[in-house]
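Geometric and topological summary
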Amino acid sequence: MSTKEKVREKVREKEAVVFNNEIIMYNDDVNTFDHVIDTLMRVCDHTAEQAEQCSLIVHYNGKCTVKTGPIEKLKPQCTQLLEAGLSAEIV
């Protein structure tokens with residue numbers, strides 16, 4: 001004689017929180033490289049190298065993701081970029 005047991009398990013899955021929000025900065029013909037680099041360092045906490053690379057990517061490709069994270073953190077940073085005269089948006 002065999003006995004079949006039905007086992008019922010509760011499985012909890014932990015969802016990974018993914019920050020899909022990003023600040024995209026766009027190229028313009030107004031701001032200097034120095035202004036863009038200084039602003040990215042001040043607002044987005046970039047190193048000098050990161051800021052320079054982003055400014056070059058924006059210049060040659062027309063746009064660049066300069067910051068990713070939760071929307072609550074990105075909103076004030078994007079606002080500061082816009083107030084500094086840069087062209088940016090959160091997507």
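Reading the values: rules and limits
Residues numbered from 1 in each chain as written. Predicted model: local features only at pLDDT ≥ 70, side-chain atom pairs only at ≥ 80, totals over all residues. Heavy atoms only, no water. Helix = DSSP H or I, 4+ residues; strand = E, 2+ residues; numbered from the N terminus. Buried < 20%, exposed > 50% of the residue type's maximum accessible area, 1.4 Å probe, protein only. Contact = heavy atoms within 4.5 Å. Areas by Shrake-Rupley, 256 points an atom, 1.4 Å probe, with all protein chains shown as cover. Pairing = 2+ DSSP bridges. Axes fitted to C-alpha atoms, helices over the stretch in contact; angles between N-to-C directions.

Within the chain one finds three helices and three strands. Reading the chain from its N end, one meets helices and strands in the order β-α-α-β-α-β. Looking at the 91 residues of the chain, the share that counts as buried comes to 29%. The long-range fraction of contacts in the chain, counting pairs at least 24 apart against all pairs at least 6 apart in sequence, stands at 66%. Here the chain has roughly 7300 Å² of accessible surface; of this, 49% comes from carbon and sulfur atoms.

Let us look at the sheet that holds strand S3 (residues 87-90). Strand order across the open sheet formed by three strands is S2-S1-S3, with antiparallel pairing between neighbours. Strand pairing shows two members of the sheet lacking a second neighbour, strand S2 (63-68) and S3, which therefore form its edges. Strand-to-strand twist across the sheet, computed as the mean angle between neighbouring axes with direction ignored, equals 25°. Pairing of strand S1 (residues 22-26) with S2, which is carried by five bridges, proceeds in the antiparallel orientation.

With that settled, consider the side chain of His-46. Tracing the chain through its elements places His-46 in the loop between helix H1 (33-44) and helix H2 (48-61). Setting aside anything within four residues of it in sequence, one finds His-46 in contact with Leu-40, Met-41, Ala-51, Cys-54 and Val-66.

Everything listed here is a matter of coordinates, which is why it stays silent on function.
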